[in-house]
Amino acid sequence: MYLSDASQQRLDLLAEQSLKRVLLPCPLDQRQFDFSSNDYLCLSQRSDIVEAGHACAKQYGAGATGSRLLSGNLDCFEALEAQVAQFKNAQAALVFSSGYQANASGLAALLDKSLWSGVVGGTEPLVFTDRLNHASLHHACQLAGVKQIRFRHNDMAHLAELLSKHIESRQPKIIATETVFGMEGDLLPIELLAETALQHQAVVYLDEAHATGVWGPQGRGLGAIQHPAIDALKALGHWVVMGTFSKAVGVSGAYIACSEIFKQYLVNRCTGFVYSTAPSPFVIGAVAKALEIIPDLNTERAALHTAAEQLRAQVHELGFDTGLSNTHIVPLVVGSNTACLELKSHLQQAGIRTSAVRPPTVPPNAARVRLALNTGHSAKVYAQLLQALANWKVAA
Ligand SMILES: Cc1ncc(COP(=O)(O)O)c(C=O)c1O
């Protein structure tokens, strides 16, 4: 069979299941009607951030010219990492070109059997993962060749039960989860997680992709809150926090904030760091500016959270199910893939852009239209969205 025939066959199967994806244009002049963007604070369009990116590229060049371990270790990277460490209240930070890369290779390095084999009683680590974790976290487990012990979504009692089953085991224990779940739009009960992890001396790996800039003190993420169990885990070096620069920060790339010693381990053993060209200096300059601005945006964050609460109440009145959402991400859970595509297309016709999220991104029969709110959505746009949703309900 030829590759093109095999590809066509696979695409036909996806289309039959309403699972085929296509690339659609994203005109810039329709950004205010876009509920599919993760630019939660609208920073991607801020001129001071774009200019800071230009200035950094002018000074250092368009590209980094190599891996940081070869020719690419420009001092702008070191400066940004110091800034990120301070932003996250961590000892150190390491930057990556994308969040997927940071998770897939950073978590895989944490799960690497050779990291733990030197520890007394240590061998292959036991990894406890939330059932709804992002694909990049699953990929990391596959890459490391470890079997995931999955706990029910955000269910800390279930996590504790699973950890207790292994209480006698001297294998290292690692918990990997997200602080704001990108498709559910709900928050991790972080204090409970930290207390549970501390009881079992587990290492915590947090993905703050959707929290960075929007949640936690001054938008520093939930991992930056003050709590005795978090402080104790940090003191043990068991608090590893990943986040992206691609969503509320408005640029691209990612960080892992951690202890200095674990950073040095990643510099040596994290494949996505060692074998990849460092991010473009444009990205570094723009991110540095955005991180300077973000702590001062409390008013914008409060407005975003209020808008989300109001929208949830309004769509509930119309009979929509928003699942577990309690953040700026509001899914309209419709169940079937076809209903999901129909609702997305209905909203598109009304001028509102959304994402149709279907399996395998979410579990089977849990397809949803995802509304990601941002600070640029006006009252008029919300009214337009609600009118279109009301029309859909009337027609249904
Ligand atoms: C929870 C989570 N982690 C990681 C990523 C990957 O980040 P990036 O888009 O920067 O590669 C995403 C992006 O969708 C995400 O939602």
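Remember, it's a predicted structure, so these values are computed and weren't measured experimentally.

1. Quick word on the overall build of the chain
Piece 1. What the chain contains, in helices and strands, is 15 helices and 10 strands.
Piece 2. Taken along the three principal axes of its C-alpha coordinates, the chain extends 65 × 55 × 55 Å.
Piece 3. Relative to its 396 residues, the chain shows a buried fraction of 53%.
Piece 4. For the chain, the share of sequence-separated contacts (at least 6 apart) that also reach a separation of at least 24 residues comes to 72%.
Piece 5. When the accessible surface of the chain is split by element, carbon and sulfur atoms take 55% of a total near 17,500 Å².

2. A short note on the side chain of Glu-178
Piece 1. Looking at where Glu-178 falls in the secondary structure, it is placed in strand β4 (residues 173–178).
Piece 2. The charged side chain of Glu-178 is buried without a salt bridge, its nearest counter-charge being Arg-370 at 8.9 Å.
Piece 3. Once you skip the residues sitting within four places of it in the chain, Glu-178 turns out to touch Leu-132, Asn-133, His-134, Leu-137, Leu-188 and Asp-207.

3. Brief notes about the site of the ligand
Piece 1. Around the ligand sit 13 residues, and of these Tyr-100, Asp-207, His-210, Ser-246 and Lys-247 come closest.
Piece 2. Between an oxygen atom of the ligand and a main-chain N or O atom of Gly-99, the distance comes to 2.9 Å.
Piece 3. Taking Ser-246, its side chain carries an N or O atom lying 2.8 Å from an oxygen atom of the ligand.
Piece 4. Expressed as a share of its isolated accessible area of 390 Å², the protein-covered part of the ligand is 82%.
Piece 5. A majority-of-atoms criterion places the ligand in the largest pocket.
Piece 6. It is helix α4 (residues 99–111) that contributes the most residues to the shell around the ligand, 3 residues altogether.
Piece 7. When the residues that make up the shell around the ligand are grouped by side-chain class, the tally is 2 nonpolar, 8 polar and 3 charged.

4. Let's talk about the pairing of strand β6 (residues 239–244)
Piece 1. Counting buried positions over the 6 residues of β6 gives 6, a clear majority of the element.
Piece 2. Residue alternation in β6 divides its side chains into two sets, Trp-239, Val-241 and Gly-243 and Val-240, Met-242 and Thr-244, and both sets are buried.
Piece 3. Looking at chain direction, strand β5 (residues 203–207) and β6 are connected through 4 bridges and run parallel. For Asp-207, the partnering residue across the bridge sits in β6 and is Met-242.
Piece 4. As a crossover connection, the stretch from β5 through helix α9 (residues 228–236) into β6 is right-handed.
Piece 5. Alignment of β6 against strand β7 (residues 254–258), held across 4 bridges, turns out to be antiparallel. Counted as the bridge partner of Val-241 is Ala-257 from β7.

5. What about the domain arrangement of the chain?
Piece 1. When cut into domains, the chain gives domain 1 (26–41 + 298–395) and domain 2 (47–294).
Piece 2. For domain 1 versus domain 2, the separation of C-alpha centres amounts to 28 Å.
Piece 3. Listed by partner, the interface residues are 21 residues for domain 1 and 20 residues for domain 2.
Piece 4. Here domain 1 packs against domain 2, burying approximately 1,700 Å² in sum over the two surfaces, 59% of which is carbon and sulfur.
Piece 5. Taken together, the connections running from domain 1 to domain 2 amount to 1 salt bridge.
Piece 6. With its nearest N and O atoms 3.0 Å apart, the salt bridge here joins Arg-368 to Glu-184.
Piece 7. Between the two partners, domain 1 and domain 2, sit 13 residue pairs in polar contact (both at pLDDT 80 or more).

6. Points about the sheet that holds strand β2 (residues 126–130)
Piece 1. Strand order in the open sheet made by the 7 strands is β1-β7-β6-β5-β4-β2-β3, with mixed pairing throughout. Where the open sheet ends on each side, the last strands, each with one partner, are β1 (92–96) and β3 (148–151). Within the sheet, the average angular offset between the axes of one strand and its neighbour, ignoring direction, is 20°.
Piece 2. Taken together, the 4 bridges between β2 and β4 define a ladder with parallel strand orientation. In the sheet register, Thr-129 faces β4, and the bridge partner there is Ala-176.

7. Details of unusual backbone geometry
Piece 1. Of note, the amide linkage connecting Pro-359 to Pro-360 takes the cis form, showing an omega dihedral of 10°.
Piece 2. By the element assignment, Pro-360 lies in the loop between β9 (355–357) and β10 (367–372).
Piece 3. Its identity is not glycine, yet Gln-218 carries a phi of approximately 55°, on the positive side.
Piece 4. By secondary structure assignment, the location of Gln-218 is in the loop between β5 and α9.
Piece 5. Using a relative accessible area of 34% as the deciding quantity, one classes Gln-218 as partly exposed.

How each quantity is defined
Residues numbered from 1 in each chain as written. Predicted model: local features only at pLDDT ≥ 70, side-chain atom pairs only at ≥ 80, totals over all residues. Heavy atoms only, no water. Helix = DSSP H or I, 4+ residues; strand = E, 2+ residues; numbered from the N terminus. Buried < 20%, exposed > 50% of the residue type's maximum accessible area, 1.4 Å probe, protein only. Contact = heavy atoms within 4.5 Å. Areas by Shrake-Rupley, 256 points an atom, 1.4 Å probe, with all protein chains shown as cover. Lys, Arg positive; Asp, Glu negative; His and termini not counted. Salt bridge = Lys/Arg side-chain N within 4 Å of Asp/Glu carboxyl O. Near = heavy atom within 4 Å. Polar contact = N/O pair within 3.5 Å; in protein donor to acceptor, adjacent residues only side chain to side chain. 1 Å grid on protein atoms, 1.4 Å probe; cavity = no way out; pocket = protein on both sides within 12 Å on 5 of 7 lines; lining within 4 Å. Sits in = over half its atoms within 2 Å of the grid points. Nonpolar A, V, L, I, M, F, W, Y, C, P; charged D, E, K, R; others polar. Pairing = 2+ DSSP bridges. Right-handed = clockwise from strand over helix to strand, strands pointing away. Domains from an automatic or database assignment. Buried area = accessible area lost by both parts, 1.4 Å probe. Axes fitted to C-alpha atoms, helices over the stretch in contact; angles between N-to-C directions.

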